[in-house]
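Residues per chain are reported as follows:
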Amino acid sequence: MGVLAKIESGRKRYWVLVLIVAISGFSQGMLLPLISVIFEQDGVSSTLNGFNATGLYIGTLLISPFMEVPLRRFGYKPVIVAGGLAVFLSLFLFPLWKSILFWFVLRLIIGMGDNALHFATQTWITTTTPQAKLGRNIAVYGLMFSAGFAAGPLFVPLIHLFEGLPFIVSGLLCMSAWSLVFLLKNDFPDVIQGNEASMSFARRFKETMKLSWVAFIPPFTYGFLESSLNAIYPVYALRESIDVSYISFILAAFSVGAITSQIPLGMLSDRIGRRAVLSIALGGGAAAFFGAGLAGSEAMNILIAVFIAGIFVGSTFTLGIAYMTDLTPKTFLPTGNLLCGIFFSVGSLAGPILGGYVVGHGEGPGFLTFISMFIAGLFILFIAGRPKKQLKIA
């Protein structure tokens, strides 16, 4: 009876965590294109628009070195509570004052809150999931995030009713999902023992990088894609005379593609290995974005190509987490999850900055062709790279 109760409790915890992540994905998926469209309509330059979008990821990086200690000391639940609170309160503040600097600060705070929320939920799931089911469970986690992210851009046209309405809707949804965490019993990561217990954070950071560095390339890739597509592509598309409503569908198509493939790719990675599936994903994503670039300003062709790209690379973040879990000792998983978040954030910072530069100068390859070339470079790095140690499953 006790075993059944424990299994039931674990299932409830898992579904509460993935629902929280789904709403977080919704807020992120809406926020990036929403503010980009508002700034573009107000005449803000693409470079400044892109830099403002980096606030979310600067916040993530700033808080990252300080996340592991409170997680180990206070447990998963308090960290999720603090992160969710920061996110939905910031969303409610956006309509109060329209200022580039003020909105940048709010994005900074949301980045810190999102990092706390995702770091705690990812570590909680990866440390409590059996290895044989890890690919599937992380895939469902990613699917829920992608579903929320896909729905987010569809709410951008609400600005035609009232510019602050999308922020309010997103804030209410985040607050509702956040309240569910109070149904969960707190838990803690595995205690570090033996020689590992005496290691400093910097030493654990270094050792985890040695073991698992190649697994951090996919989260970096996904961060780059997510931020550059949602923050900069709307600017590029508007200049190509593509309607705002169509832009929302194109952005949603990427997430829908990810939703379509999350569970199949996750289960496939459990069977043939994470590395093989990630190689296919990165190579296929580069080819799909190259096709999107060739489509020019034909919105429907772009939508189809971006959907196909989502099928391939929309799972790279969650597959990267699963690959990291294969390669990393269990007591180092909080550090590994933290590094996944850091690499995701670095990629997310690079996306709007490089994308904004490409769009602003208007020379060389088009925006989507540039994305294709960037992913191709990461694909070559991933294929060439070898982790120091691999578990049999990888």
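Basis of the calculations
Residues numbered from 1 in each chain as written. Predicted model: local features only at pLDDT ≥ 70, side-chain atom pairs only at ≥ 80, totals over all residues. Heavy atoms only, no water. Helix = DSSP H or I, 4+ residues; strand = E, 2+ residues; numbered from the N terminus. Buried < 20%, exposed > 50% of the residue type's maximum accessible area, 1.4 Å probe, protein only. Contact = heavy atoms within 4.5 Å. Areas by Shrake-Rupley, 256 points an atom, 1.4 Å probe, with all protein chains shown as cover. Phe/Tyr/Trp six-rings, centres within 6.5 Å; stacked < 30°, edge-to-face > 60°. Lys NZ or Arg CZ within 6 Å of the ring centre and 35° of its normal. Salt bridge = Lys/Arg side-chain N within 4 Å of Asp/Glu carboxyl O. Patch = residues over 30% accessible without salt bridge, like charges linked within 9 Å, V, L, I, M, F, W, Y side chains within 5 Å. Axes fitted to C-alpha atoms, helices over the stretch in contact; angles between N-to-C directions. Parallel < 35°, antiparallel > 145°, perpendicular 65-115°, else oblique. Nonpolar A, V, L, I, M, F, W, Y, C, P; charged D, E, K, R; others polar.

Peer 1: What should I look at first to understand the overall build of the chain in this one?
Peer 2: Assigned secondary structure in the chain consists of 17 helices and zero strands. Dimensions of the chain along its principal axes, counting C-alpha atoms only, are 60 × 45 × 40 Å. Counting the 394 residues in the chain, one finds 59% classified as buried. If you take every contact in the chain between residues at least 6 apart in sequence, the share linking residues at least 24 apart comes to 87%. Element-wise, carbon and sulfur atoms account for 69% of the exposed surface of the chain, whose accessible area totals about 15,400 Å².

Peer 1: Whenever I open this one, the packing of aromatic side chains confuses me. Can you help?
Peer 2: Aromatic rings considered in pairs are described by the distance between their centres and by the relative angle of their planes. The full count for this structure, using the stated rule, is 25 aromatic pairs. Seen in terms of ring centroids, tyrosine 233 and tyrosine 236 are 6.1 Å apart; in terms of plane orientation they differ by 40°. Their pairing is tilted. Separated by three residues within a single helix, tyrosine 233 and tyrosine 236 lie in helix H11 (residues 233-239), roughly one turn from each other. Pair check on accessibility: tyrosine 233 and tyrosine 236 agree, each one buried. Among the aromatic residues, those joined into a cluster by ring pairs are Tyr222, Phe254, Phe289, Phe317 and Phe344. Cation over ring: arginine 275 sits above phenylalanine 382, and NZ or CZ is 5.1 Å from the ring centre.

Peer 1: Looking at this model, I keep getting lost on the pattern of salt bridges. Mind explaining?
Peer 2: For side chains of opposite charge, pairing can occur when their charged atoms come near one another. One pass over the structure, following the stated rule, counts eight salt bridges. We note a salt bridge from glutamate 68 to arginine 72, for which the minimum N-O separation is 2.9 Å. A residue pair is termed a helical-turn pair when its members lie 3 or 4 positions apart in one helix, as glutamate 68 and arginine 72 do in helix H4 (residues 68-74) at four residues. The partner of aspartate 270 in a salt bridge is arginine 274, and the shortest N-O contact between them spans 2.6 Å. Each of the two residues, aspartate 270 as well as arginine 274, counts as buried. A single network of salt bridges, built from pairs that share partners, joins Asp42, Lys98 and Glu163.

Peer 1: Would you mind showing me how to read a nonpolar patch on the surface here?
Peer 2: Side chains of Leu161, Phe162, Ile168, Leu172 and Met175 sit close together on the surface and give an oily, nonpolar patch of about 460 Å² of accessible area. Along the chain, the position of isoleucine 168 falls in helix H8 (residues 165-179). Assessed through its relative accessible area of 31%, isoleucine 168 is described here as partly exposed.

Peer 1: Quick question: what am I supposed to make of the environment of proline 166 here?
Peer 2: Turning to its location among the elements, proline 166 is positioned in helix H8. Given a relative accessible area of 1%, proline 166 falls into the buried group. Placed ten residues apart in sequence, proline 166 and valine 156 show a C-alpha to C-alpha distance of 6.7 Å. Setting aside its immediate chain neighbours within four residues, proline 166 contacts Met30, Leu34, Phe155, Leu158 and Ile159.

Peer 1: Explain the packing of helix H2 (residues 46-53) against helix H16 (residues 333-361) to me, please; I cannot follow it from the model alone.
Peer 2: A packed helix pair is summarised by two numbers, namely the angle formed by the two axes and the spacing between the axes. Running from N to C, H2 and H16 point in directions that differ by 170°, and their axes come no closer than 8 Å. With respect to H16, the axis of H2 lies roughly antiparallel. Together, Ser46, Thr47, Gly50 and Ala53 of H2 and Pro352, Gly356, Val359 and Gly360 of H16 make up the contact between the two elements. Classifying every residue of the contact of H2 with H16 gives three nonpolar, five polar and no charged.

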